[in-house]
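# What the coordinates show
The primary structure of each chain is shown beneath.
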Amino acid sequence: MKYYLLTFLFAFSFNCLSEAQILKGRITDEAGNPIEFATIYISELRQGTTANLKGDYELRLPQGNYKVTYQCLGFQFVNEIINISSSTVIKNVVLKRQYYEIPEVIVSASDEDPAYAIMRKVIGMAPYYLNNVQKYKAEVYLKGNLVLNKIPKIIQKRMAVSVSGGKEVHLKKGDSFFLESYNEIEFTAPDKYVQKVISIRNTFPAEGDNISPMEFIQASFYEPEIADIAISPLSPVAFAHYDFHYSGITRQGEYGITKIQVIPKRKSQQLFEGYIFIIQDLWCLQSVDLTNDNIAGKIRIQQQYVSIEEGIWMPVSHNFDIDLSIVGVQADITYSSSVKYTEVKPNLTLKKPQTITTNPATKYLKEPLPSNKTEEQINKILEKDDLTNRDMVKLSKLMEKKSDESRSDSARKSLEIVDNTITKVEKGAGKKDSAYWAAIRPIPLSDAEKRSITLSDSLKGNTGIQAMKQDSSSNDQGQIKKTPKKFVNTLSSIGFGHTWRDTTGLSFRFGGLLDVSNLTFNTVDGFVYGLDFRLGKDWKKTALSIGPELKWAFSRQELMWKINTSYNIKNKRSDQIYFNAGHTSSDFNTNAGINPFLNMGFSLLLRKNYMKLFDSEYYTLGFITNFSPGLALNLSGTYQNRTMLDNTTSFSIFKPKDIQYTANMPVNDYLLPGNNELYAIRDMKHGALNAILTWTPRQRYRVMGSRKIPMGSDWPTFSFSWQHGINEFEELENPVRNYDMLRLEVFRTVTTGAFSEFNWSIKTGGVINKNNLTFYDFHHVNTQPQPVLLKSYDDAFRLPSFYSLSAPELFAEAHLRYTTPYLFIKYLPFLSNTLMRENLSISYLGSRYHDHYTEIGYSISEIFLLGEIGVYVGFDNVKYKSAGVSLILKFD
């Protein structure tokens, strides 16, 4: 519930003056009914506020004459000149219904609704209006109210608020909660926000006094996506998701306001429906009234825009009605805001297109010619009466280009990502009394909000909802019976693990006796049970981590162990020295292989032992350095003693007589008789020198202390690796043989639209002196043929059997995956309203002496937010080979 409460907190502010008079009244329609959340805007102060549910409003203003505008969606605005003197001024206002005329229009040959011609220009201009403000400062008053309409009894018993005396009061139908805050907000383009919380009062469940609207203050309908939950009607891909209907035009002063109905093409949680109002000739928003119906309920968003500066239209009021319905809990939530812009600076380097005028009367006046080719192209497109879809996309891209060019050279060239949302809470912000709030509150309280504040004053510490109490229970007399908390916590730490830390930087982690990942089964080791630990020490300039792991193989009667040690130097390069050692059973496919937990399930239930193992005693010493955030080098040396292993158990829960475990030997063409005998698996000693160079051009980064943390790039990542291997074959006359393996990989994930992305990777490599290596050292391809997976892989082939594609040859491998909310079946009515996404994938593997293998797949992901199911078809040299289904449960 917290996510959906926070998602729609667009914070904007209020006016707080120590010596101020009161302007108040009620806003009604012609029938005398109150108009909820009407907007009141004072142009001289650049201040906007809203009325409450009863249409009441109240503002504290210094003495003077003010032009006050009263407006609300669906009503004609009213301008009043009001003199504020030393006494309270009561001004009741009646708003008349707004009627939109639909003039005669010339219908095109395609019979297209006139709304589309308007929306093409609005969508094309969206990047301009998203970036035409360089800086602003605002004072913000935000008010929210939550009323519980229904709580299932099973949840009600576990949800309570703490009151004075340590007792608990269970929530019930009709309870209400309240939030109000006063903030000062400063925005600096392109995306820096500083919020100063002056005061806050909050009785919202489970929220404490730390609600911050800053996470979503950046959300704008001019952006392609709104707060990562829905596609904006002004997105470049809007025509693929919305239909638009022209609902008429009306005059408001010197501007024509066009009403456009937004109609989703399908029922979807990622789309809006409702109305947007467009200023004619400016092609920007005048107001918004949209609804999104999602998994948490129905959310209605109303925004009113006003001309703050010439050519700059900014929202002065936000109202959100949330009909919350989740896990049986039903509640009504409302938010409203009061805003005062104390400073607004336009982005002077971003030129307004010549055909966009502030005053429509000056539309045809001659202006200086555009100063560059981009502006010339923009104006040429906007001069058209009817834009094509191609014109719209081109206009949007040109405006994005102009917006980027308006940024300073240093901002565009800088790769450092600064923490752009800063929240500062003044001391005592949560301790203001009722007299303080009464003096500064610009939106009158409703009766429900007054009751919520009264309840809040009786609480001790505003602790909010205490959900699912584990450490206390109540007897029939209402007394609280304490559980031995320390003993329970100790048992929990022993069973499920815990990390202990002290103030010196010393830490110790124990994985827990009951961790399910500690117990596995395979046919070589039998049942395996293990424990893991980690000891860490953090100093000012360095850090040490030692992670031992112990396992016992019951059938093989063998103690297996690992220890991973790292010593980190906190310098600009984040240098790291590491030492890893162990004696354990290891999968032949060191790149991936089957998940041990899945292998256990297949073995115990179906007598399928996919995993093939060998005994590995290894010691690795390495060094990692980062020359820059996008350039890293990993150097290491390894010694390994390899020993063949056999199955030691035939145990399974399901024991069909006609099924036996397969031998502990990978199935691969290179291991068949007639191939190079050196490829065969044998006991041997192995050494290797490894170097991996990873480079991401123009890697963005964030500074944390003295470290630069990589944060993505618009370029792909290049990874080059070299391994010089030394194998000892005791049965040969010249037992020590060398080889060199080279690999190159390039990969990137590209965002292609709203909730869509394109993921690709290309790998290639080969071996020099390939006759000197064994199957252990082959290039092992990631194959995942089992019908159920517990992890999603971007580089896996879903149909070939384990180890079958491993080879010592020159190879080329490619993986492409396109993900989008709507592709094929998501257009069906019973699926369109889900959060599932569709995926198309193509994987290719080519080698020097074998068939070229291609695999094409289609899948649906985010099924119940964690599942994916897909169908895959494989081809050898373009000839059909096999097909299969894969289910992925993403627990990683």
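Here the residue numbers are simple positions, counted from 1 along each chain's written sequence. Side-chain atom pairs in this predicted model are given and counted only at pLDDT of 80 or more, local residue features only at pLDDT of at least 70, and totals for whole chains, interfaces and linings cover all residues. Processing note: side-chain calculations cover all non-hydrogen atoms of the structure and skip hydrogens and water entirely.

### Structural notes on the overall build of the chain
- Helix and strand labels come from DSSP, where a helix needs a run of H or I of at least four residues and a strand needs a run of E of at least two; each type is numbered from the N terminus. When you go through the chain residue by residue, the secondary structure sums to 11 helices and 47 strands.
- Taken across its 892 residues, the chain has 48% of its residues classed as buried.
- The contact rule is simple, with two residues in contact once any of their heavy atoms fall within 4.5 Å. Long-range contacts, defined as pairs at least 24 residues apart, comprise 62% of the intrachain contacts of the chain with a sequence gap of at least 6.
- For the chain, the exposed area adds up to about 43900 Å²; of that, 56% sits on carbon and sulfur atoms. Categorising residues by exposure relies on relative accessible area from a 1.4 Å probe, with only protein chains included: less than 20% of the type maximum marks a residue as buried, more than 50% marks it as exposed, and the intermediate range marks it as partly exposed. Each accessible area is a Shrake-Rupley result for a 1.4 Å probe, and residues are judged covered by the shown protein chains and nothing else.

### Details of the pairing of strand S3 (residues 47-50)
- Side-chain alternation along S3 places Gln47 and Thr49 on one buried face and Gly48 and Thr50 on a second face that is also buried.
- One bridge is not enough; two strands pair if DSSP finds at least two bridges between them. Pairing of strand S2 (residues 39-42) with S3, which is carried by 4 bridges, proceeds in the antiparallel orientation. Of the residues in S3, the one forming a bridge with Thr39 is Thr50.
- Relative to strand S22 (residues 329-346), S3 runs antiparallel, the two being bridged by 2 bridges. Bridged to Gln47 within S22 is Lys340.

### As for the side chain of Thr28
- Within the fold, Thr28 resides in strand S1 (residues 21-28).
- Among the residues examined, Thr28 registers a relative accessible area of 12% and is labelled buried.

### Some points on the packing of helix H4 (residues 373-382) against helix H5 (residues 389-405)
- At a minimum axis distance of 10 Å, the contact between H4 and H5 shows a crossing angle of 145°. In this structure, H4 crosses over H5, and the sense of that crossing is left-handed. Along the contact surface, H4 presents Thr374, Glu375, Gln377, Ile378, Ile381 and Leu382, while H5 presents Asp391, Lys394, Leu395, Leu398, Met399, Lys401, Lys402 and Glu405.
- In the contact of H4 with H5, the residues fall into 6 nonpolar, 2 polar and 6 charged. In this description, a line fitted to the C-alpha atoms serves as the axis of each element, helices being fitted only across the stretch in contact, and the angle between N-to-C directions of two axes falls anywhere from 0 to 180 degrees. Throughout, a crossing is termed right-handed when the near helix is turned clockwise from the far one, and left-handed when it is turned anticlockwise from it by less than a right angle. Classification convention: Asp, Glu, Lys, Arg as charged; Ala, Val, Leu, Ile, Met, Phe, Trp, Tyr, Cys, Pro as nonpolar; all other residues, Gly among them, as polar.

### A short note on the nonpolar core
- Phe244, Ile260, Ile276 and Leu285 are the most contacted members of the largest nonpolar core, which totals 71 residues.
- Residue contributions to this core peak at 10 residues, all from helix H2 (residues 114-131).
- Contact partners of Phe244, with chain neighbours within four places excluded, come to Asp113, Ala115, Tyr116, Met119, Pro233, Ala238, Phe239, Ile260, Gln261 and Val262.
- Listed in part, the 26 residues of the second largest apolar core include Ile594, Leu645, Met684 and Phe802. Among buried residues, those of type Ala, Val, Leu, Ile, Met, Phe, Trp, Tyr and Cys that are joined through side-chain atoms within 4.5 Å constitute a nonpolar core.

### Overview of the packing of aromatic side chains
- Working definition: a ring pair exists when centres of Phe, Tyr or Trp rings (six-membered ring for Trp) sit within 6.5 Å. Plane angles under 30 degrees give stacked, over 60 give edge-to-face, the rest tilted. Considering all chains together, one arrives at 36 aromatic pairs under this definition.
- With a centroid separation of 5.3 Å and an interplanar angle of 70°, the aromatic rings of Tyr116 and Phe239 are classed as edge-to-face. Of this pair, Tyr116 sits in helix H2 while Phe239 sits in the loop between strand S15 (230-231) and strand S16 (242-252), placing them 123 residues apart in sequence.
- When its relative accessible area of 14% is taken as the criterion, Phe239 is described as buried.
- With centroids separated by 5.4 Å and ring planes inclined at 85°, the aromatic side chains of Tyr679 and Phe778 adopt a geometry described as edge-to-face. One end of the pair, Tyr679, is in the loop between strand S35 (631-644) and strand S36 (684-695); the other, Phe778, is in the loop between strand S41 (756-768) and strand S42 (788-789), with 99 residues separating them in the sequence. Comparing Tyr679 with Phe778 shows no difference in burial state: the two are buried.
- One aromatic cluster is present, formed by Phe588, Phe614, Tyr670, Tyr679, Phe775, Tyr776 and Phe778 through successive ring pairs.
- Above the plane of the ring of Tyr436 lies Lys432, whose end atom (NZ or CZ) is 5.2 Å from the centre. Note on geometry: a ring has a charge over it if NZ (lysine) or CZ (arginine) is within 6 Å of the ring centre and within 35 degrees of the ring normal.

### Points about helix H10 (residues 596-606)
- Residues of H10 that are buried include every one of Leu598, Asn599, Met600, Phe602, Ser603 and Leu604, and no others.
- Buried positions along H10 lie against strand S29 (519-522), strand S30 (526-538) and S42.
- For H10, the capping residue at the N-terminal end is Asn595, with a side-chain oxygen 2.8 Å from the backbone nitrogen of Phe597.
- A positive backbone phi angle near 55° is found at Arg607, which sits one or two residues after H10. Each polar contact in these results corresponds to two N or O atoms within 3.5 Å; when the atoms are within protein, one needs to be able to donate a hydrogen and the other to accept it, and residues that are neighboring in sequence are counted only if both atoms are side-chain atoms.

### Description of H4
- Every buried residue of H4 is listed here: Thr374, Glu375, Ile378, Asn379, Ile381 and Leu382. Projected onto a plane normal to the axis of H4, the buried residues spread over an arc of 160° and lie on a single side. Looking at H4, the residues exposed on the side facing more than 90 degrees away from the buried face are Lys373 and Lys380.
- Buried residues in H4 make contact with H2 and H5. Summarising the geometry, the arc corresponds to the directions from the helix axis toward the C-beta atoms.

### Quick word on the side chain of Thr523
- Summarising the element assignment, Thr523 is placed in the loop between S29 and S30.
- Relative accessible area serves as the criterion here: at 2%, Thr523 is assigned to the buried category.
- In this structure the side chain of Thr523 is engaged in a polar contact, spanning 2.8 Å, whose partner is the side chain of Asn647.

### Brief notes about the pattern of salt bridges
- Salt bridges are counted wherever a side-chain nitrogen of Lys or Arg sits within 4 Å of a carboxyl oxygen of Asp or Glu. Applying the stated criterion across every chain, the model contains 28 salt bridges.
- Across the salt bridge formed by Glu343 and Lys345, the nearest N and O atoms sit 3.5 Å from each other.
- Across the pair Arg817 and Glu868 runs a salt bridge, and its minimum N-O distance is 3.2 Å. In this pair, Arg817 is assigned in strand S43 (residues 811-820) and Glu868 in strand S46 (residues 867-876), connecting sequence segments 51 residues apart.
- What makes Arg817 buried here is its relative accessible area of 13%.
- Looking at Glu868, the relative accessible area reads 1%, which means it is buried.
- Through salt bridges that share partners, Lys137, Glu343 and Lys345 make up one connected network.

### A look at unusual backbone geometry
- Of note in the backbone geometry, Arg46 takes a positive phi value of approximately 55° without being a glycine.
- Residue position: Arg46 is located in the loop between S2 and S3.
- For Arg46, a relative accessible area of 17% corresponds to the buried category.

### Structural notes on the packing of H2 against H5
- Put simply, H2 and H5 touch, their axes get as near as 7 Å, and they point 5° apart. The orientation of H2 with respect to H5, classified from their angle, is roughly parallel. Mapping the contact onto sequence places Arg120, Lys121, Ile123, Gly124, Met125, Pro127, Tyr128 and Asn131 in H2 and Asn389, Met392, Leu395, Ser396, Met399, Glu400 and Ser403 in H5.
- Taken together, the residues of the contact of H2 with H5 sort by class into 7 nonpolar, 5 polar and 3 charged. Relative orientations are named as follows: roughly parallel for angles under 35 degrees, roughly antiparallel for angles over 145 degrees, roughly perpendicular for angles from 65 to 115 degrees, and oblique for any other angle.

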